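Residue-level structure breakdown
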Amino acid sequence: MDELPLRLCLFVNIVVPLVFFMAAIYLALHIVFARFVLTPASPVTWFFGVVTGPLTRPIRAWLGPGTPEPRVRLLALGVYAALWLVSRAFFVWLGAPRQG
């Protein structure tokens, strides 16, 4: 029964930073493709809008109502990159779970 907490700790140690990392990567790609794809009806723009929409929504709630979308994406990228680094540092500080 001691194996379940160990597996859970390892799972959280891997998944939490991975989710923040993936969020930062998708936001960075959205920023890059938004600069190069000029047609708003592009499938690429639609894809990144759908993927990063839930990531920018909490940031948009903190900002003023007239904040431009590129600024919201850039701030969201900074927040998720910081969360990724903080989560990695936290799990390194906790140390690797050891069996036994």
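Residues numbered from 1 in each chain as written. Predicted model: local features only at pLDDT ≥ 70, side-chain atom pairs only at ≥ 80, totals over all residues. Heavy atoms only, no water.

Of note, Leu75 is situated in helix H3 (residues 69–94). The exposure class assigned to Leu75 is partly exposed, which follows from its relative accessible area of 33%. Setting aside chain neighbours within four positions, we find Leu75 in contact with Ile59 and Leu63. (Helix = DSSP H or I, 4+ residues; strand = E, 2+ residues; numbered from the N terminus. Buried < 20%, exposed > 50% of the residue type's maximum accessible area, 1.4 Å probe, protein only. Contact = heavy atoms within 4.5 Å.)

Moving on: the confidence of the model for the chain. Scored by pLDDT, the chain comes out at a mean of 90, with 94% of its residues at no less than 70. Looking at the elements of the chain, mean pLDDT is at its lowest for helix H1 (residues 3–36), recorded as 91, and at its highest for H3, recorded as 94. (pLDDT = per-residue confidence, 0-100.)

Of note, His30 is situated in helix H1. The class for His30 is buried, based on a relative accessible area of 7%. Among the polar contacts made by the side chain of His30, one reaches the main-chain carbonyl oxygen of Phe48 at a distance of 3.5 Å. With sequence-adjacent residues up to four places away left out, His30 is seen in contact with Phe48, Gly49, Thr52 and Arg73. (Polar contact = N/O pair within 3.5 Å; in protein donor to acceptor, adjacent residues only side chain to side chain.)

Attention shifts here to H3. Here H3 is 26 residues long and its end C-alpha atoms lie 37 Å apart, about the 38 Å a rise of 1.5 Å per residue gives. Among all positions of H3, only Val72, Arg73, Ala76, Tyr80, Ser87 and Phe91 are buried. Each element contacted by the buried residues of H3 is listed here: H1 and helix H2 (43–62). After H3 finishes, the residue Gly95 shows a positive phi value of roughly 90 degrees. (Expected span 1.5 Å × (residues − 1).)

It is worth spelling out the environment of Arg60 at this point. Structurally, Arg60 can be placed in helix H2. By relative accessible area, which is 34% here, Arg60 ends up partly exposed. For the pair Arg60 and His30, spaced 30 residues apart in sequence, the C-alpha separation works out to 16 Å. In contact with Arg60, not counting residues within four places along its chain, are Glu69 and Val72.

Across all of its chains, the model carries two salt bridges by this definition. Note that Glu3 is salt-bridged to Arg7, the shortest N-O span being 2.6 Å. Of this pair, Glu3 and Arg7 both sit in helix H1, four residues apart, which is roughly one turn of the helix. The exposure class of Glu3 is partly exposed, given its relative accessible area of 39%. Of the charged contacts, one joins Glu69 and Arg60 as a salt bridge, the two residues approaching to 2.7 Å between their closest N and O atoms. (Salt bridge = Lys/Arg side-chain N within 4 Å of Asp/Glu carboxyl O.)

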